[in-house]
Amino acid sequence: MKEVNLKNITFLGVNKTDSIYTVYNRCDEGYPSIHFKQNEFYFYDPQEGANYIIKDIKNGNNRYVINTTGYYFIEGENIIKQNDTWFLEKKDDLLWTFQNKKWKKKIILSDSINLNKKKIAYKNRR
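Residues numbered from 1 in each chain as written. Predicted model: local features only at pLDDT ≥ 70, side-chain atom pairs only at ≥ 80, totals over all residues. Heavy atoms only, no water.

Participant: What is the right way to read unusual backbone geometry from this model?
Facilitator: Outside of glycine, negative phi angles account for most residues, and trans bonds account for most peptide bonds. With phi around 55 degrees, N8 is a residue other than glycine that occupies positive phi space. Within the secondary structure, N8 sits in the segment before β1 (9-13). Overall, N8 belongs to the exposed group, its relative accessible area being 62%. (Helix = DSSP H or I, 4+ residues; strand = E, 2+ residues; numbered from the N terminus. Buried < 20%, exposed > 50% of the residue type's maximum accessible area, 1.4 Å probe, protein only.)

Participant: Looking at this model, I keep getting lost on the environment of I79. Mind explaining?
Facilitator: Assignment of secondary structure puts I79 in the loop between β7 (63-72) and β8 (80-90). Taking C-alpha positions, I79 is 9.0 Å from Y52, a pair spaced 27 residues apart along the chain. Setting aside its immediate chain neighbours within four residues, I79 contacts I53, G70, Y71 and Y72. (Contact = heavy atoms within 4.5 Å.)

Participant: I would appreciate a short explanation of the pattern of salt bridges in the present structure.
Facilitator: When their charged atoms lie close together, side chains carrying opposite charge are able to pair. If you walk through the whole model with that rule in mind, you get 5 salt bridges. Across the pair E40 and K37 runs a salt bridge, and its minimum N-O distance is 3.7 Å. Under the relative-accessibility criterion, E40 is labelled buried at 11%. Among the ionic pairs, K105 bridges to D45, the shortest N-O distance being 3.5 Å. Highlighted residues: K105 in the loop between β9 (96-100) and β10 (107-111) and D45 in strand β5 (residues 40-45), separated in sequence by 60 residues. (Salt bridge = Lys/Arg side-chain N within 4 Å of Asp/Glu carboxyl O.)

Printed below as a string of structure tokens:
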């Protein structure tokens, strides 16, 4: 698999039912999403989101180790200093996993482009 440039890319949380992958847009919770920018990424996990400042990214074999130095919630707010390590790993041409070093759970994601290419289904759920 080819290495991916993470800048200006958005990943969306997906659910798997049988062999179908779906992004559910829930009005009350939404879906996990990550948007990488120049030197930070925005991570939204339903009901809460923050912008994380990237210190460095190490990659190899489609596994990215992302070290962050702090975060803020809204543009212009003070940065809360906190060192964190995140892991983003490409599983195949469709799916990725994402987790924080402190968490036990992994979030399953797909590049948002896969929605446009109809490789991932999209459903509104109320």
